[in-house]
Every structure is written in C-alpha cells, then in structure tokens.
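Take a look at the letters that make up each chain.
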Amino acid sequence: MKGGRKNMFKMFLKEKWIDIFSPVNGEIISLEKLEGDNSAFNDMGKGIGIIPSDGKIVAPFDGEIASIYKRNHCIIVRNEDDIELIIHIGLDTNKLNGEGFVRHVELMDKVKKGDLLIEADIDKIKEKGFSIVTPVIVSHSNRIEEIEMSDGFLKRGEDVIMKVKMKKK
C-alpha cells in the first residue's frame, strides 16, 4: 500500500483558509453591479468591487509584485500560496495614460501586508469622467476551491475582504 500512510495524514490536515486584506479603504460592491460591460472582470476570476474613499492602495498580504501596468492603474500581487490578486484602480482608467497614478513599487519587489503600492488621485479620475470602482480579483480561480467574500465598509490593511481555500494538489 504505497503512499497509503501519507494519504491518510492528508485526511487529518486542517483545510487552509487564506485571508486577503483590503487593499484600499472603501465599500464593497459585487462585480455584477459594475457600470457598463463588466464581463472582462468576471472572466479574470472571482472577486469584488470596492468604491474607494481615498486613493492609497496597499499590499493585501505578504508577497511580491507579479505584474504592474506601465500606466500604473493595475497591479498584480502574488503570495507564497500562489494566489494572484489583481487590483484594477477604476474602470477604463488605462485611458488616462498614467495621469493621476503614482507607483511606489516595481516588478518582483517583495512586499509586506499594508505596504503602499500605488497612490491614485481619486478626484482627478472622477474629474476626467472615469469610475473609481476598483475591482479586486483572484486570478487563476480554477485553483480555488472556495471563496468567502466580505461586505460593507472596510479599512485598508486591517479588514479581510476575502477568505480563500485552495484546491488540494
């Protein structure tokens, strides 16, 4: 019975839930409530939208910067459990060509939960006619067994916006 003992121990391991903390102060809305065509965000994975009350975007967990768009409107952070979180500041804000965004990290930088990643000028984004709703999406959702979402107003770096349970390998 090769590997039988090893498999038996797996049955007794507790399921691991991973906390993802809010990257921004704001109120959670469902992705279905996004203005216009939100199918692109739904195709990226499972997640939520946040209506930010300010423009400071922080690391939602310890990890590294897996991707950052040159216009600084979107960033992907990956943790040691291989969870990749897409944080897209506003809708269609790539059309601003980086105006109103200040980057504080670079590709492959190691970050700690709460580290400042990007500052967005929320007022400028609104003045230019863009929505400030910020989708926060777990990519590679096929590796996720279950996600529990929070609701209400959350504080950046303090409140959990999602709990993720990974599929067993």
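Heads up: these notes are all about the structure in this document. All residue numbers refer to positions counted from 1 along the written sequence of the respective chain. Residues qualify for local features only when their pLDDT is at least 70, as the model is predicted, and side-chain atom pairs are given and counted only at 80 or more; totals for whole chains, interfaces and linings, by contrast, use all residues. No hydrogens and no water enter the side-chain calculation; it runs on all heavy atoms of the structure.

## Quick word on unusual backbone geometry
Turning to step 1, where the next piece is worked out: The backbone of Asp-82 shows a phi angle near 70°, a positive value even though the residue is not glycine.
Turning to step 2, where the next piece is worked out: Strands here mean DSSP runs of E at least two residues long; helices mean DSSP runs of H or I at least four residues long; both are numbered from the N terminus. Tracing the backbone shows Asp-82 in the loop between strand E6 (74-78) and strand E7 (84-88).
Turning to step 3, where the next piece is worked out: At Asn-97, a residue that is not glycine, the phi angle is positive and equals roughly 55°.
Turning to step 4, where the next piece is worked out: Along the chain, the position of Asn-97 falls in the loop between E7 and strand E8 (101-103).
Turning to step 5, where the next piece is worked out: Among the residues examined, Asn-97 registers a relative accessible area of 55% and is labelled exposed. Remark: exposure states derive from per-residue accessible area (1.4 Å probe, protein chains only) relative to the maximum for the residue type, with buried under 20%, exposed over 50%, and partly exposed in between.

## Considering the sheet that holds strand E5 (residues 63-68)
Turning to step 1, where the next piece is worked out: Strands qualify as paired when DSSP identifies two bridges or more between them. Pairing is antiparallel in the open sheet, where eight strands are placed in the order E9-E5-E6-E7-E11-E3-E2-E13. Both edges of this open sheet fall to strand E9 (110-111) and strand E13 (153-154), since each of them pairs with a single strand only.
Turning to step 2, where the next piece is worked out: Bridging between strand E2 (residues 26-30) and E13 involves two bridges; their strand directions are antiparallel. Looking across to E13, one finds that Gly-26 is bridged to Leu-154.

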